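Architecture at a glance
Now for the letters of each chain:
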Amino acid sequence: MPRVKVARKSTAIDMTAMCDVAFLLLTFFILTAKPKVEDPSKAEVPASSKEVTIPEDNVLMISIGQQNKIFLSFSGNDVRTETLKAMGEKYNVPFTPAEINKFANTEIFGVPMNQMKQFLSLPSGELKSFDQKGIPADTTNNSELSNWILNARKADRGLHGKDYNIAIKGDRNEKYPAVSTVINILGQQKLFKFDLITTLRAAPKK
Amino acid sequence: MAELDTSGGGKHKGGKVRSKKASTRVDLTAMVDLAFLLITFFMLTTTLNKPKAMNLAMPDNSIKTSQLPVPESRTMTILLGSHNKVAWFMGEPGKTAPTVDSYGPNGLRKALIENGKAVAASHPGPDGYMIVVIKPSESSTYENLVSALDEMSITAIKSYAIVKILPVELDALKSQNLL
């Protein structure tokens, strides 16, 4: 009796299609990926049940980090350039084009004006380890934070014709007076609507 | 004279040298491995959850318009103290002793819902809703403020405001050991 022979199939599979798909996905993820900005304020945001997403761009964010340090970040490299120039004039600190360029590429900062030159003279790799003291702020109308916000808004209005969305990102264990100071500064500039950045907590059961 | 080719291929002199035809198939397994490795990396590093926010609107202090008188019986004042505790009272400060509560479903939220119902029952009409005044003290944290505002939205309080704390209320907090 003849034996039934099982046809031996090659174990090699055509990988071309799989490779195509894999690279397509890879391209997508590379293009949509945004480098995560290191947050020097180390603010740990509190949780809330709100699900409002803050807009992607055109945001001026004030971070109140640990030990009351205030950091500022606002979108737009061109706006940052203009703002630093205006701030340099205001505080009589002349900035070189290299320093302005460096500042334009700094996403978030928290240094007083008298340290700004020192901060900007550091090579990019050492910026992280620089001990940022936070932007000085008090409730008077002429604090550095107040001027930064004012100039940034002016620059944004001049360049893009838009108004910034204001967001406050606070550390959860920060005492209330620090938050109150920031809210007061915003109030003096007639900014009464802003977003408090929170993480999402599970919605409560009714 | 006619010659018969008896030798093996490619060995004879003068004949064409044929290169061996290589297969056009490339083993893509390694490439796929690499691609998926990178995909995994990018998927894990991208931040999928965008930051969430809650809106807050503060009143304009510069406009000194005549404000509508609000009956004290409709206001509930929440004092944010230390140790994640709140003290709340209805009506005017200093008249009734504040109730100390915690944040969360069984503390502040319950009090808000109960007081809201009581106010709505005793003040008929469309304007009979409860007004909540949030007064954070210096020893309360930012998280406390956010929690309190969150409770406002959960319990759907129509009207609330963050107001500066009064000395009387600070004394009340002090007497409850919350300062």
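Heads up: the structure comes first, above all this text.
Here goes a summary of the coordinates provided. (Residues numbered from 1 in each chain as written. Chains lettered and ligands numbered in written order. Predicted model: local features only at pLDDT ≥ 70, side-chain atom pairs only at ≥ 80, totals over all residues. Heavy atoms only, no water.)

As a further point, take unusual backbone geometry. Residues and elements named next belong to chain A. The phi angle at N92 is positive, at roughly 55 degrees, despite the residue not being glycine. The residue N92 is located in the loop between α2 (77-90) and α3 (97-104) in this model. Note on N92: relative accessible area 69%, which makes it exposed. (Helix = DSSP H or I, 4+ residues; strand = E, 2+ residues; numbered from the N terminus. Buried < 20%, exposed > 50% of the residue type's maximum accessible area, 1.4 Å probe, protein only.)

Next up on the list: the nonpolar core. Core analysis: the biggest nonpolar cluster contains 66 residues, and A:L72, A:F109, A:M116, A:W148 and B:I78 have the highest contact counts within it. Once you skip the residues sitting within four places of it in the chain, B:I78 turns out to touch B:V86, B:A87, B:W88, B:L108, B:L112, B:V132, B:V133, B:I134, B:K135 and B:M152. A:I54, A:V59, A:I197 and B:A53 belong to the second-largest nonpolar core, a separate cluster that totals seven residues. (Core = buried A, V, L, I, M, F, W, Y, C linked by side-chain atoms within 4.5 Å. Contact = heavy atoms within 4.5 Å.)

All names here are of chain A. Inspection of the secondary structure assignment puts K128 in the loop between α4 (113-121) and α5 (144-160). K128 sits in the exposed class, given a relative accessible area of 66%. When the C-alpha positions of K128 and K175 are compared, they lie 26 Å apart, and in sequence the two are 47 residues distant.

Residues and elements named next belong to chain B. An order of β4-β3-β2-β5-β6 is seen for the five strands of this open sheet, with the pairing classed as mixed. Looking at which strands have only one partner, the edges of the open sheet turn out to be β4 (99-102) and β6 (159-162). Across the sheet, the axes of successive neighbouring strands diverge by a mean angle of 25 degrees, strand direction being ignored. Pairing of strand β2 (residues 75-80) with strand β3 (residues 85-90), which is carried by five bridges, proceeds in the antiparallel orientation. Residue pairing across strands places L80 opposite V86, the latter belonging to β3. Contacts from helix α3 (residues 142-154) reach β2, β5 (131-136) and β6, with the element oriented near 175 degrees to β5. Sheet strands touched by helix α4 (residues 167-175): β2, β3 and β5. Its angle to β2, the strand with the most contacts, is close to 60 degrees. (Pairing = 2+ DSSP bridges. Axes fitted to C-alpha atoms, helices over the stretch in contact; angles between N-to-C directions.)

This brings us to the interface of chain B and chain A. At the junction of the two partners, chain B supplies 41 residues and chain A supplies 45 residues. Counting the surface chain B buries against chain A, the share from its top three residues, B:K52, B:A53 and B:Y142, is 19%. The interface formed by chain B and chain A contains one salt bridge. Scanning the region where chain B abuts chain A turns up three residue pairs in polar contact (both at pLDDT 80 or more). Looking at the side of chain B that touches chain A, the elements with two or more residues in it are α1 (29-45), β1 (52-57) and α3 of chain B. Of the residues forming the side of chain B that touches chain A, the biggest block, nine residues, is contributed by α1(B). Looking at the side of chain B that touches chain A residue by residue, the classes come out as 23 nonpolar, eleven polar and seven charged. Summarising the sheet, strand β6 (residues 193-200) of chain A and β1(B) pair through six bridges and their orientation is antiparallel. In the strand pairing of β1(B), A:F194 is matched with B:L56. (Buried area = accessible area lost by both parts, 1.4 Å probe. Salt bridge = Lys/Arg side-chain N within 4 Å of Asp/Glu carboxyl O. Polar contact = N/O pair within 3.5 Å; in protein donor to acceptor, adjacent residues only side chain to side chain. Nonpolar A, V, L, I, M, F, W, Y, C, P; charged D, E, K, R; others polar.)

Residue and element names in this part refer to chain A. Its 14 residues give α2 an end-to-end C-alpha distance of 20 Å, which sits within 8% of 20 Å, the value for a rise of 1.5 Å per residue. Within the span of α2, buried status applies to V79, R80, T81, T83, L84, M87 and G88. On its buried face, α2 is in contact with β4 (70-74), α3, α4 and α5. (Expected span 1.5 Å × (residues − 1).)

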